[in-house]
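# Architecture at a glance
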Amino acid sequence: MNLNNIQPAAGSTFNSKRIGRGQGSGKGGTSTKGHKGQKSRAGYSQKIGFEGGQMPLQRRLPKFGFKNVNRKEFRGINLDTIQTLIENKSITGDITKEVLVENGLVSKNELVKIMGRGELKSAVSISADKFTKSAEELIAKAGGKAITL
């Protein structure tokens with residue numbers, strides 16, 4: 001193999017359709033846009049969901065629902081996940097938001113809620129934005145502390 005006989009993989013390259021380059025090309029004249037009408041004009045763009053003047057679907061359907069602008073979205077972390085990290089020696093000592101970020105459980109700006117699935121065998125203090133009642137009970141039962149930020 002030399003530089004003079006290198007070719008691209010079969011089907012990876014193609015010639016683009018050259019529009020408006022004279023009648024002899026077969027794509028001159030109307031430039032594949034047919035004759036007259038709105039769609040043949042320069043600058044034409046159709047609205048998304050336009051149905052030819054018929055009332056569009058998004059306006060025929062009723063509005064419903066409600067988005068609470070003050071909603072707080074929490075990232076839930078279960079106790080069994082924390083216990084697994086403790087057993088794998090990924091976490092040592094107290095568990096803070098920074099420790100959870102380092103281990104890839106949450107991102108820096110997320111709110112954290114500790115939930116009570118599984119069981120906690122180690123006595124550790126966990127600080128998070130929110131706890132479920134069952135999680136607080138299981139942490140206390142294991143001899144740890146649940147610190148709400």
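These numbers were taken from a predicted model, which means no experiment stands behind them.

### Here we look at the pattern of salt bridges
- Throughout the structure, instances matching the rule amount to six salt bridges.
- Across the pair glutamate 51 and arginine 60 runs a salt bridge, and its minimum N-O distance is 3.2 Å.
- Owing to a relative accessible area of 42%, arginine 60 belongs among the partly exposed residues under this scheme.
- Of the charged contacts, one joins lysine 121 and glutamate 87 as a salt bridge, the two residues approaching to 3.8 Å between their closest N and O atoms. Within this pair, whereas lysine 121 is found in the loop between β2 (111-115) and β3 (125-128), its partner glutamate 87 is found in helix α2 (residues 79-87), the two being separated by 34 residues in sequence.

### Digging into the UniProt feature "domain: Large ribosomal subunit protein uL15/eL18" (unreviewed entry) in the chain
- Per the UniProt entry, the sites bearing "domain: Large ribosomal subunit protein uL15/eL18" (unreviewed entry) are residues 77-146 in this numbering.
- The distance separating the terminal C-alpha atoms of residues 77-146 is 14 Å; by composition the span is 34% helix and 21% strand.

### Some details on unusual backbone geometry
- Of note, serine 31 is a non-glycine position whose phi angle comes to about 55°, a positive value.
- As for its position among the elements, serine 31 is in the segment before α1 (57-60).
- The phi dihedral of lysine 36 is positive, around 50°, even though this residue is not glycine.
- The exposure class assigned to lysine 36 is exposed, which follows from its relative accessible area of 69%.

### Some words on the sheet that holds strand β1 (residues 74-78)
- Across the sheet, three strands lie side by side as β1-β2-β4; this open sheet has parallel pairing. Either end of the sheet is taken by a strand with one partner, and the two such strands are β1 and β4 (130-131).
- Of the strand pairs in this sheet, β2 and β4 are connected by two bridges, and their pairing is parallel. Bridge pairing in β4 links lysine 113 to lysine 130.
- Here α2 sits on the sheet and contacts β1 and β2; the angle it forms with β1, its principal contact strand, is near 60°.

### Re α2
- Three or more residues of α2 are buried, namely Leu79, Ile82, Gln83, Leu85 and Ile86. Axial view of α2: buried residues confined to an arc of 160°, hence all on one face.
- Looking at the buried positions of α2, the neighbouring elements they touch are β1, β2, β3 and α4 (133-141).

### Regarding the side chain of aspartate 129
- Its place among the elements puts aspartate 129 in the loop between β3 and β4.
- Overall, aspartate 129 belongs to the buried group, its relative accessible area being 19%.
- In terms of polar contacts, aspartate 129 uses its side chain to reach the side chain of lysine 97, at 3.3 Å.
- Engagement of the side chain of aspartate 129 in a polar contact is seen with the backbone nitrogen of valine 112, the distance being 2.8 Å.

### Observations concerning the nonpolar core
- Core analysis: the largest hydrophobic core is formed by 20 residues, its most contacted members being Ile77, Leu79, Ile82, Ile95, Ile114, Leu120 and Ile126.
- Those elements giving two or more residues to this core turn out to be α2, α3 (97-102), β2, β3 and α4.
- Per-element accounting of this core gives the leading share, four residues, to α2.
- Sequence-distant contacts of isoleucine 77, that is, excluding residues within four places in its chain, are made with Ile82, Leu100, Leu105, Val106, Val112, Lys113, Ile114 and Met115.

Cut-offs used in this document
Residues numbered from 1 in each chain as written. Predicted model: local features only at pLDDT ≥ 70, side-chain atom pairs only at ≥ 80, totals over all residues. Heavy atoms only, no water. Salt bridge = Lys/Arg side-chain N within 4 Å of Asp/Glu carboxyl O. Buried < 20%, exposed > 50% of the residue type's maximum accessible area, 1.4 Å probe, protein only. Helix = DSSP H or I, 4+ residues; strand = E, 2+ residues; numbered from the N terminus. UniProt positions renumbered as here; feature names shortened; annotations may be inferred. Pairing = 2+ DSSP bridges. Contact = heavy atoms within 4.5 Å. Axes fitted to C-alpha atoms, helices over the stretch in contact; angles between N-to-C directions. Arc of directions from axis to C-beta. Polar contact = N/O pair within 3.5 Å; in protein donor to acceptor, adjacent residues only side chain to side chain. Core = buried A, V, L, I, M, F, W, Y, C linked by side-chain atoms within 4.5 Å.

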